[in-house]
Amino acid sequence: GQQLNQSPQSMFIQEGEDVSMNCTSSSIFNTWLWYKQEPGEGPVLLIALYKAGELTSNGRLTAQFGITRKDSFLNISASIPSDVGIYFCAGRHTMEYGNKLVFGAGTILRVKS
Amino acid sequence: GAVVSQHPSWVICKSGTSVKIECRSLDFQATTMFWYRQFPKQSLMLMATSNEGSKATYEQGVEKDKFLINHASLTLSTLTVTSAHPEDSSFYICSPQEGPARGEQYFGPGTRLTVT
């Protein structure tokens, strides 16, 4: 199935550093969602974006819905050890493609304390 | 967010046997259920979509006779992996949806299936 282009694939950063990851697509999406997944668990929704240009925060997390509706980024400020996990972007197609959710390949985040 | 449970959280079965995975939406009624599969170090891949009381729609490459989905009630859906083989070993995750899929989507905690 289709996947979004998510980068970077992995990051190993120092505690306290800021993190940035992004997703791009050749398709237009109506919704962008960002999830975090920890080992052995299902994805947990972090931020949902619904409008082009929208910038939304959730604590130390900030995400934006790109103007072209084909990209989104997620920033994490002042990282802490519990930020470790895999972060996935997901885009929801328009109705003509069944409103299906398409996932990026994930960004593995490791934090050095 | 939505509260979703899956049972069992993990299961080991022998090749050739069938395994049933349950998914329950605990605080809302799920008119639509999505079932995903996730192989190690990979992303989530949609297997099938079901609406309550209707037959499931399977994604290309997913065998409907192997992965039986029942969505008989608004709070329970089951995925049965029939005649399981080692290559079916994976992490299976459900995602119940209230109403048409539009915005936020929540996921169950997943079921780890290992076929020996």
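Everything below is about the structure printed above this text.
Remember, it's a predicted structure, so these values are computed and weren't measured experimentally.

Engineer: Would you mind going over the overall build of chain A in detail, with residue names and values included?
Structural biologist: Secondary structure summary: chain A contains 0 helices and 11 strands in total. For chain A, the N- to C-terminal ordering of α and β elements is β-β-β-β-β-β-β-β-β-β-β. By the compact-globule yardstick of 13 Å for 113 residues, chain A fits well, its C-alpha radius of gyration being 14 Å. Over its C-alpha atoms, taken along the principal directions, chain A stretches across nearly 45 × 30 × 20 Å. Counting all 113 residues of chain A, 45% fall into the buried class.

Engineer: Pulling in residues and values, what's your account of the packing of aromatic side chains?
Structural biologist: The tally for this structure, following the rule as stated, stands at 8 aromatic pairs over all chains. Taken together, a centroid distance of 5.8 Å and an interplanar angle of 85 degrees make the contact between F103(A) and Y36(B) edge-to-face. Of this pair, F103(A) sits in strand β10 (residues 101-103) while Y36(B) sits in strand β4 (residues 32-38), each in a different chain. Y36(B) sits in the buried class, given a relative accessible area of 1%.

Engineer: Pulling in residues and values, what's your account of the interface of chain B and chain A?
Structural biologist: Of the residues lining the interface, 20 residues belong to chain B; the matching set on chain A comes to 22 residues. Taking both partners together, chain B and chain A bury about 1,600 Å²; carbon and sulfur atoms supply 54% of that area. Our enumeration of links across chain B and chain A arrives at 7 residue pairs in polar contact (both at pLDDT 80 or more). Among the secondary structure elements, those contributing two or more residues to the side of chain B that touches chain A are β4, β5 (45-51) and β9 (90-97) of chain B. Looking at which element gives the most residues to the side of chain B that touches chain A, the answer is β9(B), with 3 residues. In terms of residue class, the side of chain B that touches chain A is built from 10 nonpolar, 7 polar and 3 charged.

Engineer: Can you tell me about the state of the cysteines, naming the residues and giving the values?
Structural biologist: Working definition of a disulfide: a covalent bond connecting the sulfur atoms of two cysteines. Residue and element names in this part refer to chain A. Throughout the structure, instances matching the rule amount to 2 disulfides over all chains. Between C23 and C89 runs a disulfide, and the two sulfur atoms are separated by 1.7 Å. With the S-S dihedral at roughly -80 degrees, the linkage between C23 and C89 falls on the left-handed side. Note that C23 is positioned in strand β3 (residues 19-24) and C89 in strand β9 (residues 85-92), a separation of 66 residues in sequence.

Engineer: I'd like to hear about the sheet that holds strand β7 (residues 67-70) of chain B, residue by residue, with values.
Structural biologist: All names here are of chain B. Pairing is antiparallel across the open sheet formed by 4 strands, whose spatial order is β1-β3-β8-β7. Each edge of the open sheet is held by one strand with a lone partner, namely β1 (4-7) and β7. Neighbour-to-neighbour, the strand axes of the sheet open up by a mean angle of 15 degrees, direction not taken into account.

Engineer: Account for the side chain of S25(B), with residues named and values stated.
Structural biologist: Residues and elements named next belong to chain B. Inspection of the secondary structure assignment puts S25 in strand β3 (residues 19-25). A polar contact is formed between the side chain of S25 and the backbone oxygen of L74, at a distance of 3.4 Å. With near-sequence residues (within four places) excluded, S25 lies in contact with V3, A30, L74, T75 and P96.

Engineer: So, the sheet that holds strand β1 (residues 5-7) of chain A: which residues are in play, and what are the values?
Structural biologist: All names here are of chain A. Strand order in the open sheet formed by 5 strands is β1-β3-β8-β7-β6, and the pairing between neighbours is antiparallel. One side of each edge strand has no neighbouring strand; the edge strands of this open sheet are β1 and β6 (55-58). The mean angle between the axes of side-by-side strands here comes to 15 degrees, regardless of whether they run parallel or antiparallel. Relative to strand β7 (residues 61-65), β6 is paired through 4 bridges, and the arrangement is antiparallel. The partner of N58 across the bridge, within β7, is L61.

Engineer: Please provide a residue-by-residue account of the pattern of salt bridges, values included.
Structural biologist: All names here are of chain B. Counted according to the given criterion, the structure contains 5 salt bridges over all chains. Across the pair R24 and E22 runs a salt bridge, and its minimum N-O distance is 3.4 Å. D88 is the partner of K66 in a salt bridge, and the nearest nitrogen-oxygen pair spans 2.9 Å. You can see K66 sitting in the loop between β6 (57-58) and β7 and its partner D88 sitting in the loop between β8 (76-81) and β9, a full 22 residues away along the chain. For D88, a relative accessible area of 4% gives the class buried.

Cut-offs used in this document
Residues numbered from 1 in each chain as written. Chains lettered and ligands numbered in written order. Predicted model: local features only at pLDDT ≥ 70, side-chain atom pairs only at ≥ 80, totals over all residues. Heavy atoms only, no water. Helix = DSSP H or I, 4+ residues; strand = E, 2+ residues; numbered from the N terminus. Rg over C-alpha atoms; globule rule 2.2 N^0.38 Å. Buried < 20%, exposed > 50% of the residue type's maximum accessible area, 1.4 Å probe, protein only. Phe/Tyr/Trp six-rings, centres within 6.5 Å; stacked < 30°, edge-to-face > 60°. Contact = heavy atoms within 4.5 Å. Buried area = accessible area lost by both parts, 1.4 Å probe. Polar contact = N/O pair within 3.5 Å; in protein donor to acceptor, adjacent residues only side chain to side chain. Nonpolar A, V, L, I, M, F, W, Y, C, P; charged D, E, K, R; others polar. Disulfide = S-S within 2.5 Å. Pairing = 2+ DSSP bridges. Axes fitted to C-alpha atoms, helices over the stretch in contact; angles between N-to-C directions. Salt bridge = Lys/Arg side-chain N within 4 Å of Asp/Glu carboxyl O.

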